[in-house]
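Below, each chain spelled out in residue letters.
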Amino acid sequence: KVRGNKEMLGFLFNDFFLLVRPKSLFATATQIEPFSDNQFTMYREPFLLNQIQAKQAPVEQYGPSTFLVSVTKDKERKEIPLKVETDVARNQWVKLIMEACVNYVKAKRKTNKLERSDSRRVTIQKNAIGKLMVTVIEACDLIASSNGKSDPFCVVHVGENQEGATPVIQNTLHPQWNYLMEFFVTNPDDTMVEINVFDSDLFSPNDFLGCAKLSLKELREEGPGPWKKHLLLEDVAKGELELKIAYRQMKLPVRVT
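What this report covers is the structure whose coordinates are included nearby. (Residues numbered from 1 in each chain as written. Predicted model: local features only at pLDDT ≥ 70, side-chain atom pairs only at ≥ 80, totals over all residues. Heavy atoms only, no water.)

A word on the pattern of salt bridges
Applying the stated criterion across every chain yields a total of eight salt bridges. For Glu182, the salt bridge identified is with Lys131, shortest N-O distance 3.7 Å. Within this pair, whereas Glu182 is found in strand E11 (residues 176-185), its partner Lys131 is found in strand E8 (residues 130-140), the two being separated by 51 residues in sequence. Two residues, Lys238 and Asp141, come together in a salt bridge whose shortest N-O distance is 3.5 Å. Of this pair, Lys238 sits in the loop between strand E14 (227-232) and strand E15 (240-249) while Asp141 sits in the loop between E8 and strand E9 (152-158), placing them 97 residues apart in sequence. Accessibility expressed as a relative area gives 38% for Lys238, which makes it partly exposed. Since its relative accessible area comes to 39%, Asp141 is described here as partly exposed. (Salt bridge = Lys/Arg side-chain N within 4 Å of Asp/Glu carboxyl O. Helix = DSSP H or I, 4+ residues; strand = E, 2+ residues; numbered from the N terminus. Buried < 20%, exposed > 50% of the residue type's maximum accessible area, 1.4 Å probe, protein only.)

Pasting the structure below:
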């Protein structure tokens, strides 16, 4: 730590950043060996990753090989300058901390979204009269990102309150998912299926690669199914999507205990 010249160890976890000091007066952080018997004391409480940011510190103010950890808590912001051995180490710390912060926020958003979706799903499930099975088979001729490839995935929306997503397939314009999702249907005559294709990005919003929409009512008018559909993606210059959809009517509403 630049201020106070305290020697510390930093530990970066999936959800927090921890700074500790050797408990022994004779130990230094640079002498610590893995799996040793050294004991530590916390510099302060761990910083949750949604409370911090890391950036390179101004050289003229703090000297070389220094980065700042900005901590925001209870509407107050504090900067902790930390000095490491080299500029390369500084850049690595900043990169790793910011990547971990982004991943933590994404994970929290996903968890909160799933919790909200689960509560709505229970309500829909209680009143369901049918079940819809959507298999996203593959896509082809997708729009390429700047490196000539994309990292595509699909998000499927059924009605207003249900959604599912395929895994991300890395570095391809012809992803093959063969991924099955199941949804409950309360009104088959008024149920739309919307599929959006995205290019997964870590540090920026996902790029839109096209969409497609289907009406369950129109599908049922074609026959009992299952229905295999080869669709041109809308709102983009090119791209195709292949799906398999099946619908099963249930004799009685699903009961949830």
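Focus on the sheet that holds E11
Across a sheet, strands are paired by hydrogen bonds formed along the backbone, either parallel or antiparallel in direction. With antiparallel pairing, the four strands of this open sheet are ordered in space as E11-E8-E15-E14. Both outer strands of the open sheet, E11 and E14, are each paired with one neighbouring strand and no more. Across the sheet, the mean angle separating the axes of adjacent strands is 20° when strand polarity is ignored. Note that E8 and E15 share 10 bridges and pair antiparallel. The residue of E15 that forms the bridge with Gly130 is Gln249. (Pairing = 2+ DSSP bridges. Axes fitted to C-alpha atoms, helices over the stretch in contact; angles between N-to-C directions.)

Points about the environment of Val20
In this fold, Val20 is placed in strand E2 (residues 16-22). Overall, Val20 belongs to the buried group, its relative accessible area being 5%.

Topic: the environment of Thr166
By secondary structure assignment, the location of Thr166 is in the loop between strand E10 (162-165) and E11. Relative accessible area serves as the criterion here: at 6%, Thr166 is assigned to the buried category. In this structure the C-alpha to C-alpha distance between Thr166 and Val136, which are 30 residues apart in sequence, comes to 7.7 Å. If sequence neighbours within four positions are ignored, Thr166 has contacts with Val136, Phe153, Cys154, Trp177, Tyr179 and Met181. (Contact = heavy atoms within 4.5 Å.)

What about the sheet that holds strand E5 (residues 52-56)?
On the basis of which strands lie adjacent, the open sheet formed by three strands has the order E5-E6-E7 and antiparallel pairing. Of all strands in the sheet, those with a lone pairing partner are E5 and strand E7 (76-83), marking the two edges. The mean angle between the axes of side-by-side strands here comes to 20°, regardless of whether they run parallel or antiparallel. Here E5 runs beside strand E6 (residues 66-73); their pairing, made up of five bridges, is antiparallel. Each residue of the ladder has a partner; that of Lys55, found in E6, is Leu68.

Topic: the packing of aromatic side chains
Under the criterion given, the structure shown has six aromatic pairs. On the numbers, 6.1 Å between centres and 65° between planes, the contact of Phe198 with Phe208 is edge-to-face. You can see Phe198 sitting in strand E12 (residues 192-199) and its partner Phe208 sitting in strand E13 (residues 207-215), a full 10 residues away along the chain. Assessed through its relative accessible area of 35%, Phe208 is described here as partly exposed. By the ring-pair criterion, three or more aromatic residues cluster together here, those being Phe11, Phe13 and Phe16. (Phe/Tyr/Trp six-rings, centres within 6.5 Å; stacked < 30°, edge-to-face > 60°.)

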